[in-house]
Amino acid sequence: MNVTDDAWREPRFPVWDRAVRLIHWSFPIGLGLMWWSGEQGRMDVHQWVGYSLLCLVMTRVAWGFVGSEPTRFTHFVPSPSGLLRYLKEGGEYAGHNPLGALSALVLLGLVLTQSLSGTMSRDDLLFEGPFSYWAGDLSGTMTEWHEINWQLLQGFVALHLVSVGWYQWRKRQPLLQAMWRGKAGHKHARSAPKPLLGAIAILLAAAAVLWGLVSVAPEAPSYY
Ligand code: HEM
Ligand code: HEM
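Since the model is a prediction, treat every value here as computed from it, not as a measurement.

A look at a nonpolar patch on the surface
Right, so step 1: Taken together, the side chains of Val77, Leu84, Leu87, Leu99, Leu102 and Leu105 define a hydrophobic patch exposed on the protein surface, amounting to about 480 Å² of accessible area.
Right, so step 2: For the nonpolar patch, the secondary structure elements donating two or more residues are α4 (80-89) and α5 (98-119).
Right, so step 3: If you tally residues by element for the nonpolar patch, the top one is α5, at 3 residues.
Right, so step 4: Among the structural elements, Val77 can be located in the loop between α3 (73-76) and α4.
Right, so step 5: Judged by relative accessible area, Val77 falls into the partly exposed class, the value being 37%.

Side note on the coordination of the iron atom of ligand 1
Right, so step 1: Looking at the metal site, the iron atom of ligand 1 is ligated by His24 (NE2) and His160 (NE2), spaced 2.0 Å from it.
Right, so step 2: Note that the iron atom of ligand 1 binds 6 donor atoms; their angles at the metal cover 87 to 179°, and the shape is octahedral. Of the two residues, His24 is situated in helix α1 (residues 18-40) and His160 in helix α7 (residues 138-170); the sequence distance between them amounts to 136 residues.

Things to note about the coordination of the iron atom of ligand 2
Right, so step 1: His46 (NE2) and His146 (NE2) make up the full set of protein donors to the iron atom of ligand 2, lying at 2.0 Å.
Right, so step 2: Around the iron atom of ligand 2 sit 6 donor atoms, and with donor-metal-donor angles ranging over 87 to 179° the site reads as octahedral. Of this pair, His46 sits in helix α2 (residues 43-66) while His146 sits in helix α7, placing them 100 residues apart in sequence. Each member of the pair, His46 together with His146, is buried.

Here we look at the nonpolar core
Right, so step 1: Membership of the largest hydrophobic core comes to 17 residues, with the highest contact counts inside it found for Phe27, Leu53, Val57, Leu108, Val111 and Leu153.
Right, so step 2: The dominant element in this core, judged by the number of residues it contributes, is α5, at 5 residues.
Right, so step 3: With sequence-adjacent residues up to four places away left out, Val111 is seen in contact with Phe27, Val57 and Leu153.
Right, so step 4: One finds Trp16, Ala19, Trp63 and Met179 within the second-largest nonpolar core, a separate group that totals 11 residues.

What to know about the site of ligand 2
Right, so step 1: The full set close to ligand 2 counts 21 residues, and Met34, His46, Gly118, His146 and Glu147 are the nearest of them.
Right, so step 2: At 2.8 Å, a side-chain N or O of His46 approaches a nitrogen atom of ligand 2.
Right, so step 3: Between ligand 2 and the protein, one listed contact pairs an oxygen atom with a side-chain N or O atom of Glu147 at 2.6 Å.
Right, so step 4: Per-element tally for the shell around ligand 2: the top contributor is α2, with 5 residues.

What to know about the site of ligand 1
Right, so step 1: The immediate surroundings of ligand 1 are formed by 18 residues, with His24, Arg60, His96, Ala104 and His160 found nearest.
Right, so step 2: Here a nitrogen atom of ligand 1 and a side-chain polar atom of His24 are 2.7 Å apart.
Right, so step 3: In the environment of ligand 1, a nitrogen atom lies 2.8 Å from a nitrogen or oxygen atom belonging to the side chain of His160.
Right, so step 4: If you list the elements that add at least two residues to the shell around ligand 1, you get α1, α5, α7 and α8 (175-181).

Some details on the packing of α1 against α7
Right, so step 1: Put simply, α1 and α7 touch, their axes get as near as 13 Å, and they point 135° apart. Taken as axis vectors, α1 and α7 run oblique relative to one another. Every pair of crossing elements has a handedness; the one defined by α1 and α7 is left-handed. Residues His24, Leu31 and Trp35 of α1 lie in contact with α7, whose contacting residues are Trp150, Leu153, Gln154, Val157 and His160.

A few points about the packing of α2 against helix α9 (residues 196-216)
When two helices pack together, you describe them by how their axes are tilted relative to each other and by the distance separating the axes.
Right, so step 1: Running from N to C, α2 and α9 point in directions that differ by 130°, and their axes come no closer than 9 Å. Looking at the two axes, α2 sits oblique to α9. As for the relative orientation of α2 and α9, their crossing is right-handed in sense. In this structure, α2 uses Tyr51, Leu54, Cys55, Leu56, Met58, Thr59, Ala62, Trp63 and Val66 to contact α9, whose residues at the interface are Gly198, Ala199, Ile202, Leu203, Ala206, Ala207, Leu210 and Val214.

Analysis parameters
- Residues numbered from 1 in each chain as written.
- Chains lettered and ligands numbered in written order.
- Predicted model: local features only at pLDDT ≥ 70, side-chain atom pairs only at ≥ 80, totals over all residues.
- Heavy atoms only, no water.
- Patch = residues over 30% accessible without salt bridge, like charges linked within 9 Å, V, L, I, M, F, W, Y side chains within 5 Å.
- Areas by Shrake-Rupley, 256 points an atom, 1.4 Å probe, with all protein chains shown as cover.
- Salt bridge = Lys/Arg side-chain N within 4 Å of Asp/Glu carboxyl O.
- Helix = DSSP H or I, 4+ residues; strand = E, 2+ residues; numbered from the N terminus.
- Buried < 20%, exposed > 50% of the residue type's maximum accessible area, 1.4 Å probe, protein only.
- Donors = N, O, S within 2.8 Å, 3.2 Å for Na, K, Ca; no water.
- Tetrahedral: all angles 85-135°; square planar, octahedral: opposite > 155°, others 65-115°.
- Core = buried A, V, L, I, M, F, W, Y, C linked by side-chain atoms within 4.5 Å.
- Contact = heavy atoms within 4.5 Å.
- Near = heavy atom within 4 Å.
- Polar contact = N/O pair within 3.5 Å; in protein donor to acceptor, adjacent residues only side chain to side chain.
- Axes fitted to C-alpha atoms, helices over the stretch in contact; angles between N-to-C directions.
- Parallel < 35°, antiparallel > 145°, perpendicular 65-115°, else oblique.
- Left-handed = near helix turned anticlockwise from the far one by under 90°.

Dropping the structure here:
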């Protein structure tokens, strides 16, 4: 929804529900831990935080189909003509603007790829992801992809931070307040935000499926 009035000064209307905000803020914390643990070889931490990020990002993707109106993909993914119009004319949006929508899709895709490739990676020494034996010969490719995708993820996170800063301080659009408090200055959704409980149920279901798969996945044979 394009917003042009002064109501931005008093953010009152719900835009980002609690599920999206909690999942969002778990990303900088989780990725920071993954970076540290990956570099330090603390695979105990890496594995568990990695599983949590995988379940959180899967929950966000599912929430994009069944969550509150502004968080749904059908609501914010722009058409090519909508994107072109935005690039030519600009405008303010209570939810993601068309460029923000693209960046959201790319970031979610990268976090998903990073955590999925991790489950099939191995460090050829002490640790292997739970599905690395299932992945067979692909495991080497997945390990390489885990490293390449990490570079991409860092690049896009940097771009994300620069663009959020640009909108926030140069264009004076309070995106941070919206992602922190969940309110925007303009009415955006016709329906009320969905309760957090729904997202928690999806998260638990994702964790149960992952746990089931990890328990049945065969361990790689030991060569030592
Ligand atoms: C470091 C890892 C980060 C990742 C992977 C990440 C990812 C994302 C994603 C996927 C979205 C879309 C939200 C959704 O629809 O689910 C988003 C939005 C947003 N992020 Fe981040 N984020 C990160 C860090 C940060 C940090 C540190 C800040 C604040 C300084 C921030 C500020 C925002 C804001 C304000 C939005 C809303 C943008 C809009 O209105 O279009 N993010 N981020
Ligand atoms: C978003 C989630 C994840 C992030 C950001 C991440 C990040 C990283 C980083 C930065 C490294 C070090 C890469 C290097 O040395 O160049 C690494 C290595 C590794 N990660 Fe992850 N990781 C994630 C998820 C996972 C998961 C879920 C698993 C498996 C349970 C996993 C398994 C591994 C393994 C086996 C290595 C060692 C690969 C090697 O030696 O080349 N990762 N990860």
